[in-house]
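Architecture at a glance
Take a look at the letters that make up each chain.
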Amino acid sequence: MSLWQIAPKIPPSLHYHGLDKITSQLLYNRGVMPDDAKSFLLADTYYDSMLFTDMGKVVERIRLAVSSSEKILVYGDYDVDGICAVSILWDYLYTKMHANVIPFIPSRFNDGYGLSQKQVDKFISDGTSLIITVDCGITAVSVAEHIKKLGIDLIVTDHHHPKDELPDCFAIIHPQRGYPFQEITGSAVAYKLIQAISGNLDTTEYMDLVALSTICDIVDLKSENRSFVKSGLKVINSKKRVGIAKLMEISNIDFVDVYHIGYILGPKINASGRIYDAFDGLRLLSTKKEEYAHLLAVKLDNLNKERKKLLEDTLSSIIPKIDSSLDFNLVVSDDWHEGIIGLVAGRITEVSNRPSIVLTKKTKDLYIGSARSVNGFNIVNYLEKNSSLLEGFGGHTAAAGLQIKQKNIPILKKSLETDASQFFKNVTKEKTINIDDVVSMSNVNESLYDEINTLSPFGKGNPIPVFLMQGVKILSAYNVGKSNEFLKMKLTDKDGDSIFDAIWFTPNLTTDILSTLAYIDIVFSLNKNVWGNVSKIEFRIIDLKPSVF
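For every chain, the first residue of the written sequence is number 1, and numbering continues from 1 along that sequence. pLDDT decides what is reported in this predicted model: residues at 70 or higher carry local features, side-chain atom pairs at 80 or more are listed and counted, and totals for whole chains, interfaces and linings draw on all residues regardless. Note: side-chain values were computed over all heavy atoms of the structure, leaving out hydrogens and water.

1. A closer look at the overall build of the protein chain
Only DSSP runs of H or I with at least four residues qualify as helices, and only runs of E with at least two residues qualify as strands; both kinds are numbered from the N terminus onward. When you go through the protein chain residue by residue, the secondary structure sums to 18 helices and 18 strands. The globule rule used for comparison is 2.2 Å times the number of residues to the exponent 0.38, while the radius of gyration itself is calculated over C-alpha atoms. Relative to the compact-globule value of 24 Å for 549 residues, the protein chain shows a C-alpha radius of gyration of 25 Å, a close match. The principal-axis extents of the C-alpha atoms in the protein chain amount to approximately 80 × 55 × 55 Å. For the protein chain, with 549 residues in total, the buried portion stands at 53%. Shrake-Rupley sampling with a 1.4 Å probe provides the accessible areas, and residues are treated as covered by the protein chains on show and by no other component. Carbon and sulfur atoms form 51% of the exposed surface of the protein chain, whose accessible area is close to 25100 Å². We treat Lys and Arg as the positive residues and Asp and Glu as the negative residues; His and chain ends play no part in the count. Charge positions are represented by NZ for Lys, CZ for Arg, CG for Asp and CD for Glu. Side chains of the protein chain give 60 positive and 66 negative charges; the mean places of these two sets differ by 3 Å. Using a 1.4 Å probe on the protein chains alone, a residue whose accessible area is under 20% of its type maximum counts as buried, one over 50% counts as exposed, and one in between counts as partly exposed.

Written out as structure tokens, the structure reads:
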């Protein structure tokens, strides 16, 4: 059973002037103080690109390379953020500056994550004299040293967690070096670089790709990230980028929000790098040809279906075996598809509410893995603590990748279980549902829905508002969905004055049990259901319990 936690009320000393009660409470719950409320609601926070350490010398070096017709390599990563970052920087250098520039995304299966010395050597032997990384490179200490010995300039642009030793290279552009907001994505760093080169702080042409990466990389939607997404969603919905427009078309989506990008469009772009070749994702985002974009969109859609099937088959063999008594999940196989192990780790973490690592065999005695974590358990820090056991690692607070020799796996497992056990001594083991406010059914209408949506776009760090309603009566409850896996209900208040439809996508109670309950308390979010010219508000149930009067 989940623990319901209602947010504390706004202290009497704080006043959100000009804002209504619920909006004020929602802002306070998200850590937005009165002085910052206007900026948050307008989503107009942007910082000067030149604040990055080394930005000035990087701009000068790139301009010199372009004017001298040097061969430039833009080297990225195979996830959505990396694909978007390569597209942004390569397209700008090629189409706007007419540079002699080549885009490259490594193969997850042949090259692995980050700078591959083998691939770098190929490009250098072919005349490349400037290498620019996007969304990778900050931990590539040995490869950077190799590149420097060859007399080649390397510019690292990245946002991943840096280790104590930084690459010895021409320059590093990283949000932890001089920039006032450290939580932007690799694509946002690439975007800031082209802003600095162009001198135009209001460039919006590539904002759709920044929004796409910001949502899919699951960074907090606050400060500049919130502004990127709000602006970028407008660009995406204008359908100016033919690749995204075709992806929307085959997905039967006419208008996108954060949900559609995070759960429908993003996974299709990601599938190219997970299952096959990330270059197809890059081609989709970069092409100007409608017919080619359609073919690529269909291909990525089919790859995503293959990815879903692989994930379902893998999870069906893992989830029943998860030991709920452990505080850390580490599972190993010799034959899981390495393109989906991050998704598997994420699902295990979601189901168990515990940090997880999924490992699969790469070579004779080397395993590669993906880690996913829970709030407060910084997985990169714990991997760093155990770095002597690892062949390599890198990532974020909540997600990371690693390589480890087979003999060290049991040692790592024991160490992380000890760390997690210590961590969870002071943390509740129950899944906690955070509730923004308590409302009555008479308060709910389209005006309330519109009021709540002044805080959109919603996502990590700015979640969809969640409410508690007490003393609700069930008028009817029946199953819907292809496999009757969802629960549809009609609800009313104690007096029967209001009636609302509700849907529960992850029900843990049956209609038989619900029929025995006189009144219930529900935790829910609001959704506007539009059919033709008619719109009505419905509840999306998150959890419910019997009412106690």
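2. Some thoughts on the pattern of salt bridges
Once their charged atoms are close, side chains differing in charge can pair, the charge on each being opposite to the other. Salt bridges, as used here, are contacts in which a Lys or Arg side-chain nitrogen is within 4 Å of a carboxyl oxygen on Asp or Glu. A complete count under the given rule lists 32 salt bridges for this structure. Of the charged contacts in the structure, one is a salt bridge between Asp 220 and Lys 460, with a shortest N-O distance of 2.9 Å. With Asp 220 in the loop between α8 (207-216) and α9 (223-237) and Lys 460 in the loop between α17 (446-452) and β14 (467-480), this residue pair connects regions lying 240 residues apart in the sequence. Accessibility expressed as a relative area gives 16% for Asp 220, which makes it buried. Glu 417 is the partner of Lys 413 in a salt bridge, and the nearest nitrogen-oxygen pair spans 2.6 Å. Remark: Glu 417 and Lys 413 occur in helix α16 (residues 409-423); sequence separation between them is four residues, near one turn of the helix.

3. A word on helix α12 (residues 279-286)
Counting buried residues along α12, seven of its eight residues qualify, which places the element largely inside the surrounding structure. When checking whether two residues touch, look at their non-hydrogen atoms; a contact exists if any pair is within 4.5 Å. Packed against the buried residues of α12 are α4 (80-96), β3 (100-104), α8, α10 (242-250), α11 (258-275) and α13 (290-318).

4. What to know about the packing of aromatic side chains
Whether two aromatic rings pair depends on their centres lying within 6.5 Å, for rings of Phe, Tyr and Trp, where Trp uses its six-membered ring; planes under 30 degrees apart make the pair stacked, over 60 edge-to-face, and the rest tilted. Going through the model one piece at a time under the given rule, you end up with 17 aromatic pairs. Note on Tyr 75 and Phe 104: the rings are 5.2 Å apart at their centroids and 50° apart in plane angle, and the pair reads as tilted. In this pair, Tyr 75 is assigned in strand β2 (residues 71-75) and Phe 104 in strand β3, connecting sequence segments 29 residues apart. Summarising the burial analysis for this pair, Tyr 75 and Phe 104 share the class buried.

5. Observations regarding the environment of Tyr 94
Structurally, the position occupied by Tyr 94 is in helix α4. Owing to a relative accessible area of 44%, Tyr 94 belongs among the partly exposed residues under this scheme. Separated by 28 residues in the primary sequence, Tyr 94 and Val 66 place their C-alpha atoms 9.6 Å from one another.

6. Re unusual backbone geometry
In the segment running from Ser 456 into Pro 457, the intervening peptide bond is cis, with an omega of 5°. Here Pro 457 lies in the loop between α17 and β14. Positive phi, normally seen in glycine, also occurs at Asp 54, with a value near 80°. Mapped onto the secondary structure, Asp 54 falls in the loop between α2 (34-42) and α3 (55-67). Asp 54 gets classed as partly exposed once you look at its relative accessible area, which sits at 22%. A positive phi angle, near 60°, is found at Asn 353, a position not held by glycine.

7. Examining α11
Take the number of residues in a helix, subtract one, and multiply by 1.5 Å to get its expected span. The terminal C-alpha atoms of α11, which comprises 18 residues, lie 24 Å apart, in line with the 26 Å expected from a rise of 1.5 Å per residue. One axis is fitted to the seven residues ending at the residue and one to the seven starting there. The bend at that residue is the angle between these axes. By the largest-angle criterion, Gly 266 marks the main kink of α11, which is about 45°, and a proline, Pro 267, follows within four residues. The buried fraction of α11 is high, at 14 of 18 residues. Within 3.5 Å is the distance limit for a polar contact, defined as a pair of N or O atoms, with the added protein rule that one can donate a hydrogen and the other accept it, and that residues adjacent in sequence qualify only through two side-chain atoms. Capping the start of α11, Asp 257 holds a side-chain oxygen 3.0 Å from the backbone nitrogen of Tyr 259, two or three residues further along.

8. Some remarks on the sheet that holds strand β8 (residues 356-361)
In any sheet, the strands associate via hydrogen bonds between backbone groups, in a parallel or an antiparallel arrangement. Strands sit in the order β7-β8-β9-β11-β10 across an open sheet of five strands; the sheet is mixed. This sheet does not close on itself; its edge strands, each paired only once, are β7 (329-333) and β10 (390-395). Mean inter-strand twist for the sheet, computed between neighbouring axes without regard to direction, equals 15°. Between any two strands, at least two bridges found by DSSP are needed for them to pair. Note on definitions: angles span 0 to 180 degrees between N-to-C directions of axes, and those axes are lines fitted to C-alpha atoms, for helices only across the stretch in contact.

9. Considering the nonpolar core
Take the buried Ala, Val, Leu, Ile, Met, Phe, Trp, Tyr and Cys residues and link them wherever side-chain atoms come within 4.5 Å; each set so joined is a nonpolar core. Residues Ile 62 and Leu 93 are the most contacted members of the largest nonpolar core, which totals 104 residues. No other element matches α4, which puts 10 residues into this core. Once you skip the residues sitting within four places of it in the chain, Leu 93 turns out to touch Ile 62, Val 74, His 98, Ala 99, Val 101, Ile 132 and Ile 197. Grouped together as the second largest cluster of nonpolar side chains are 36 residues, Tyr 16, Leu 448, Phe 458 and Trp 504 included.

10. A word on the packing of α13 against helix α14 (residues 341-352)
Interaxial distance between α13 and α14 falls to 10 Å at its minimum, and their mutual angle equals 50°. One element, α13, and the other, α14, form an angle in the oblique class. Where α13 crosses over α14, the two elements pack in a sense that is right-handed. Along the contact surface, α13 presents Arg 307, Leu 311, Thr 314, Leu 315 and Ile 318, while α14 presents Leu 343, Val 344, Arg 347 and Ile 348. Partitioning the contact of α13 with α14 into residue classes produces six nonpolar, one polar and two charged. Roughly parallel means an angle under 35 degrees; roughly antiparallel means over 145; roughly perpendicular covers 65 to 115; every other angle is labelled oblique. For any helix crossing, the convention is left-handed if the near helix is rotated counterclockwise from the far helix by under a right angle, and right-handed if that rotation is clockwise. Three classes are used: nonpolar for Ala, Val, Leu, Ile, Met, Phe, Trp, Tyr, Cys and Pro, charged for Asp, Glu, Lys and Arg, and polar for all others, with Gly counted as polar.

11. Some details on the pairing of strand β9 (residues 366-372)
Where burial is concerned, most of β9 is hidden: five out of the seven residues are buried. In terms of strand pairing, β8 meets β9 through six bridges, oriented antiparallel. In the sheet register, Ser 356 faces β9, and the bridge partner there is Arg 372. The turn linking β8 back onto β9 is made up of four residues.

12. Digging into the packing of helix α7 (residues 186-198) against α8
Their axes nearest at 8 Å, the elements α7 and α8 cross at an angle of 155°. It follows that α7 is roughly antiparallel to α8 by the angle criterion. Crossing of α7 over α8 shows left-handed handedness. Across the interface between the two elements, Ser 187, Ala 188 and Tyr 191 of α7 pack against Met 207, Leu 209, Val 210 and Ser 213 of α8. Across the contact of α7 with α8, the residue classes tally to five nonpolar, two polar and no charged.

13. A look at the state of the cysteines
Pairs of cysteine sulfur atoms within 2.5 Å are what we label disulfides. Counting across every chain of the model gives zero disulfides. Free of any disulfide, Cys 169 has its nearest cysteine sulfur in Cys 136, 12 Å distant.

14. Concerning the side chain of His 159
Looking at the secondary structure, you find His 159 in the loop between β5 (153-157) and β6 (171-173). Note on His 159: relative accessible area 7%, which makes it buried. One polar contact links His 159 to Asp 81, side chain to side chain, over a distance of 3.2 Å. In this structure the side chain of His 159 is engaged in a polar contact, spanning 3.0 Å, whose partner is the side chain of Asp 135.

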